[in-house]
Amino acid sequence: MATEKKHIYFFGGGKADGTGTMKDLLGGKGAGLAEMTNAGVPVPPGFTITTEVCNLFYELGRQVPGGLDNGMREYMKKIEDALDGKFKFGDLDRPLLVSVRSGSKFSMPGMMDTVLNLGLNDNTIQGLIRMSGNERFAWDAYRRFIQMFGNVVMGIEKEVFEHIIHEMKKKKKVKLDLELTAGDLKGLVDRFKAKVKQVARRDFPQDPWEQLTMSRDAVFGSWNNPRAITYRKLNDIPGNLGTAVNIQAMVFGNMGDTSATGVGFTRNPSTGAKEFYGEYLTNAQGEDVVAGTRTPHPIADLDKEMPAVYRQLREITSRLERHYRDIQDFEFTVQDGTLYMLQTRTGKRTAHAAVKIAVDMVAEGLINKEEAVLRVEPASLDQLLHPIIDPKAKIEVIAKGLPASPGAASGRVVFTADEAVRQAKKGKVILVRPETTPDDIHGMDAAEGILTARGGMTSHAAVVARGMGKPCVAGCEAIWVDPKAGKFGAGKHRVKMGDYITLDGGTGRVILGKVPTVESTVSGDFGTLMKWADEFRTLEVWANADIPRDAKVAMQYGAEGIGLCRTEHMFFAADRVPIVQQMIMSNSTEAREKALAKLLPMQRSDFKGLFETMNGLPVTIRLLDPPLHEFLPKREELMVEVAVMKVEKAPKASIAKKENILHRVEELHEFNPMLGLRGCRLGIIYPEITRMQARAIIEAACDLVKKGKKVKPEIMIPLVGISKELSNQKALIDATAQDVMKKKGVKVAYTIGTMIELPRAAFIADDIAKEAEFFSFGTNDLTQTAFGFSRDDAGMFINYYMDNNILEKDPFQTMDEKGVGGLVKMAIQKGRSTRPDLKIGICGEHGGDPASVEQCHRFGLNYVSCSPYRVPIARLAAAHAKLKEKGVGGSLSK
Ligand code: PEP
Ligand code: MG
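Keep in mind that what you see is a predicted model, and the values were worked out from it rather than measured.

The next subject is the overall build of the protein. Helix and strand content of the protein: 35 helices and 34 strands. For the C-alpha atoms alone, the extent of the protein along its principal axes is close to 105 × 70 × 55 Å. The buried share among the 894 residues of the protein stands at 55%. Put simply, the protein has 122 plus and 112 minus side-chain charges, and the middle of one group is 2 Å from the middle of the other.

All right, on to the coordination of the magnesium ion (ligand 2) then. Each angle at a metal carrying four tetrahedral donors should ideally be 109.5 degrees, and each at a metal carrying six octahedral donors should ideally be 90 or 180 degrees. Coordination sphere of the magnesium ion (ligand 2), protein contribution only: E757 (OE) and D781 (OD), at 2.0 to 2.2 Å. Highlighted residues: E757 in the loop between β31 (751-756) and α29 (759-763) and D781 in helix α31 (residues 779-787), separated in sequence by 24 residues. The same class applies to E757 and to D781, which are both buried.

Below, the discussion takes up the site of ligand 1. If you check the shell around ligand 1, you find 14 residues, and the closest are R566, R622, G778, N780 and R791. Between ligand 1 and the protein, one listed contact pairs an oxygen atom with a backbone N or O atom of G778 at 3.3 Å. Here an oxygen atom of ligand 1 and a side-chain polar atom of R791 are 2.7 Å apart. The fraction of the free accessible surface of ligand 1 (280 Å²) that becomes covered by protein chains is 96%. Elements that contribute at least two residues to the shell around ligand 1 include exactly β28 (562-566) and α31. The biggest single contributor to the shell around ligand 1 is α31, with 3 residues. Class assignment of the residues belonging to the shell around ligand 1 gives a composition of 3 nonpolar, 4 polar and 7 charged.

Moving on, we get to the environment of I684. Among the secondary structure elements, I684 is positioned in helix α26 (residues 680-685). We classify I684 as partly exposed; its relative accessible area is 27%. Separated by 190 residues in sequence, I684 and A874 place their C-alpha atoms 35 Å apart. Ignoring any residue separated from it by four or fewer positions in sequence, one finds I684 in contact with E725, N728 and Q729.

A word on unusual backbone geometry. We note that R201 has phi near 55 degrees; this positive angle belongs to a residue other than glycine. Relative to the elements of secondary structure, R201 occurs in the loop between α7 (182-200) and α8 (208-222). Even without a glycine there, the phi angle at N805 is positive, about 60 degrees. Tracing the backbone through its elements, the reader meets N805 in the loop between α32 (795-803) and α33 (820-834).

What follows covers the nonpolar core. F611, I698, F777 and L861 are the most contacted members of the largest nonpolar core, which has 148 residues in total. Ranked by the residues each element gives to this core, the list is headed by helix α27 (residues 687-706), at 10 residues. If sequence neighbours within four positions are ignored, F611 has contacts with G616, V619, I621, I697, A700, A701, L704, K710, V711 and P713.

Most of helix α18 (residues 460-468) is tucked away, with 9 of its 9 residues classed as buried. Among the residues of α18, H460, A461, A462, V463, V464, A465, R466, G467 and M468 are the ones counted as buried. Just beyond α18, the residue with positive phi is G469, at close to 70 degrees.

Time to look at the sheet that holds strand β3 (residues 46-49). Strand order across the open sheet formed by 6 strands is β2-β1-β3-β8-β6-β7, with antiparallel pairing between neighbours. A single partner strand is all that each edge strand has here, and the edge strands are β2 (15-16) and β7 (114-118).

Below, the discussion takes up the pattern of salt bridges. Taken as a whole, this structure holds 63 salt bridges when the rule is applied. For D93, the salt bridge identified is with R130, shortest N-O distance 3.1 Å. Taken as a pair, D93 in the loop between β4 (88-89) and β5 (95-96) and R130 in helix α4 (residues 124-132) lie far apart in primary sequence, 37 residues in all. D93 gets classed as partly exposed once you look at its relative accessible area, which sits at 47%. Judged by relative accessible area, which is 53%, R130 ranks as exposed.

So, how was this worked out
The written sequence of each chain sets the order in which its residues are numbered from 1. The naming scheme follows written order: chains are lettered A onward, ligands numbered 1 onward. In keeping with the model being predicted, local features are shown solely for residues with a pLDDT of at least 70 and side-chain atom pairs are shown and tallied solely at 80 or more, while totals for entire chains, interfaces and linings include all residues. Derived side-chain values reflect all non-hydrogen atoms in the structure, with water molecules and hydrogen atoms excluded from consideration. Note on conventions: DSSP H or I runs of at least 4 residues are helices, E runs of at least 2 residues are strands, and numbering of each starts at the N terminus. Burial here depends on accessible area, computed with a 1.4 Å probe over protein chains only, as a share of the maximum for the residue type. Under 20% is buried, over 50% is exposed, and the range in between is partly exposed. Charge assignment: positive for Lys and Arg, negative for Asp and Glu; neither His nor the chain ends contribute. Just so you know, the charge point we use is NZ for Lys, CZ for Arg, CG for Asp and CD for Glu. Only nitrogen, oxygen and sulfur atoms within 2.8 Å of the metal, or 3.2 Å for Na, K and Ca, are treated as donors, and water is left out, so sites may look incomplete. Only heavy atoms are used to decide nearness, and a residue is near a molecule or strand if one of them lies within 4 Å of it. Polar contacts here mean pairs of N or O atoms no more than 3.5 Å apart (in protein, one a potential hydrogen donor and the other a potential acceptor; neighbouring residues in sequence count only if both atoms are side-chain atoms). Here, Shrake-Rupley sampling with a 1.4 Å probe gives the accessible areas, and only protein chains in the shown set may cover a residue. As a working rule, the residues Ala, Val, Leu, Ile, Met, Phe, Trp, Tyr, Cys and Pro are called nonpolar, Asp, Glu, Lys and Arg charged, and the rest polar, with Gly in that last group. The contact rule is simple, with two residues in contact once any of their heavy atoms fall within 4.5 Å. Here, the term nonpolar core denotes a set of buried Ala, Val, Leu, Ile, Met, Phe, Trp, Tyr and Cys residues that are joined through side-chain atoms within 4.5 Å. The rule for pairing is simple: two strands pair if DSSP sees at least two bridges between them. A carboxyl oxygen of Asp or Glu within 4 Å of a side-chain nitrogen of Lys or Arg is what we treat as a salt bridge.

Here is the structure:
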């Protein structure tokens with residue numbers, strides 16, 4: 001037996017024909033309205049004409065199936081009943097007005113058409129005037145209706161109406177629509193109608209039913225307008241889904257003193273506190289609340305003005321929160337004493353609130369721990385770990401660079417590292433440099449924040465600042481920096497030494513003057529959430545830390561080891577640079593060894609500090625990596641100094657000494673230092689450096705073991721591309737270790753592994769794994785070498801690439817899954833084919849980027865290592881990755 005298909009679905013009066021799962025048939029909006037109605041939310045009643053009717057409409061040559069019009073009359077009656085018969089469609093005294101809206105399975109924002117205030121005509125307007133007691137509002141509603149209908153349904157260009165409004169304003173000598181009086185608006189209605197007649201060659205339809213059927217067909221027709229077709233193509237939405245049409249009663253909050261309108265949240269979206277939060281206005285339209293023309297009242301006042309409505313609103317919004325199991329952001333209208341919810345959706349919140357709400361909701365039994373963990377975006381934790389710009393502050397942004405290291409900082413501008421150290425004694429400073437180099441480290445340490453004009457997300461400034469947990473805006477191409485003249489410029493602005501600026505490292509904004517910041521605190525809830533994250537994740541999280549202070553921070557944030565100690569950072573301390581320079585200047589192995597012998601005790605005590613702090617957790621120490629000339633003064637500066645000394649007739653010996661340094665700098669000069677004498681190549685050409693470092697590590701370990709302490713050194717060889725490079729270094733380390741242990745009379749377990757940061761290393765990973773006991777992906781260099789992008793210069797074009805869709809993301813920020821990720825996957829597979837239990841981690845900057853952490857989880861890495869301040873982010877991201885793999889969805893707050 002053929003049953004007639006149901007084409008219309010009602011919602012209202014606490015019950016809906018459809019459900020929230022029927023998006024195919026009712027569209028997203030229709031299904032949402034059904035769900036809200038069934039959840040007991042008083043949404044204005046209405047009905048949904050199904051998407052199937054839309055498809056029939058096209059099959060029948062743009063005609064609806066027979067019987068639909070009659071059906072609609074039946075359902076309109078249902079709307080009127082749901083409104084207790086207070087309003088009737090087309091009624092002269094109490095006209096019911098409706099909205100007609102599209103709504104397909106997938107949201108297509110703004111692509112299809114909507115008509116509001118439908119049902120108004122030259123007669124019903126009088127009813128609206130009487131009901132509202134507000135003539136201006138009624139005429140404004142009518143002229144808006146004609147405009148919308150005229151455009152959407154009758155196909156009259158929007159500009160035609162805009163032009164008439166413009167003329168009226170000119171005549172009345174006013175600027176804003178708001179300044180037009182009821183009389184003016186009535187005049188507009190007349191002109192609009194005349195224009196409709198002239199352009200469409202017919203009168204503006206006065207029969208509400210004709211208005212309704214015409215609007216319905218126009219909405220169906222809008223499914224195939226060029227905008228919608230293009231949108232579907234771009235978003236892979238099939239063309240045969242069709243749109244539903246939602247016809248819903250309009251409700252008004254400006255019908256007198258028993259009407260009101262407002263907005264609110266079920267919890268405080270800023271702190272997460274469980275408190276009812278919002279504001280409202282009596283006898284007002286929704287626009288009035290947001291427009292700022294009248295000051296809204298705090299929602300608590302509604303309890304005094306309309307106690308029954310207030311109680312109902314509290315009850316409904318708590319129910320909504322339970323139903324959707326998340327904080328709700330809602331809009332409501334009270335029409336003539338009856339409360340209607342116009343919208344409810346998941347509320348946007350700060351990271352602070354997100355954490356508190358997630359933890360509270362577990363305690364309240366609304367969500368489980370897995371969902372709670374998924375509710376907090378890992379990247380948003382940055383807000384909890386660094387000071388942020390006071391959201392209430394008025395700011396003047398003068399330039400924008402890369403958001404290299406999060407947090408906000410204000411201070412006086414300085415242009416050199418030495419100046420930073422001097423001025424920091426007197427107050428907070430921001431170090432502004434064209435770019436930073438290892439020479440600037442003391443200044444970066446002294447400064448509150450760092451701004452550079454050049455360099456990308458893995459430039460020196462960015463990496464070091466993140467390691468220090470300091471705000472940094474890098475690669476800010478919009479500024480020029482003139483350290484000699486002591487100023488920088490951004491557009492028309494000139495900022496001199498000593499002027500205040502503020503950096504927002506989380507967004508890359510450079511702000512003029514001193515802006516108040518607010519401290520972020522790590523609350524108890526944050527700790528609870530992190531504990532849950534740890535229960536779920538399988539990927540370990542280690543930290544990149546070079547000194548005990550950083551290691552302590554890392555431990556505090558939950559690091560399970562040190563994945564990268566860049567030993568060159570230890571060489572840069574002010575008291576060490578001269579010794580390092582002496583080592584580099586040496587022209588014999590013996591002389592070099594002499595200098596290295598002075599560095600040995602220093603490094604040994606550094607390593608001891610790290611081992612002690614980490615208390616038996618693995619500490620991965622990487623041998624010296626950067627080109628040697630980085631430890632020497634700059635060639636150009638030396639040339640100037642020599643010239644000046646000559647002019648000033650300085651003592652010959654001093655000139656000769658300077659010239660000597662210059663000579664060595666020139667000898668060491670490389671056209672492409674990133675691809676030159678660096679990484680393991682240094683230790684191969686100068687084996688005494690490797691021996692000294694190995695000795696320092698093993699001696700430190702032995703000394704501690706003797707004291708009964710636990711140590712776990714992992715020695716890492718950088719930039720290996722040839723297996724023999726690794727065996728060469730390994731032999732040196734093993735021989736040194738044997739010697740030390742024999743002398744110390746104690747044994748320590750240490751491992752030797754390598755970084756995989758060159759494509760060739762990935763290709764021969766099976767060979768490398770014969771020697772290496774662990775791998776750590778140096779994805780900064782691997783990205784640089786895989787793309788052929790210089791990590792220090794990529795800032796010049798990467799933004800352009802992203803703006804122009806050549807690249808989707810900055811590959812130095814999020815690991816490029818296809819290319820670099822492909823190399824990583826291959827190296828893992830090859831490495832483990834040789835050594836199935838090979839421990840594998842990552843220590844490039846990607847280790848702290850949530851999307852990259854997810855990749856690392858999927859690729860089967862054992863750990864990620866990131867800067868200490870990113871450890872919580874990586875822990876949470878690792879938990880997300882595992883939960884997503886298990887298919888735990890939760891209702892993510894998007
Ligand atoms: C890397 O290349 O990813 C890495 C961690 O080493 P560095 O940044 O010190 O070159
Ligand atoms: Mg590297």
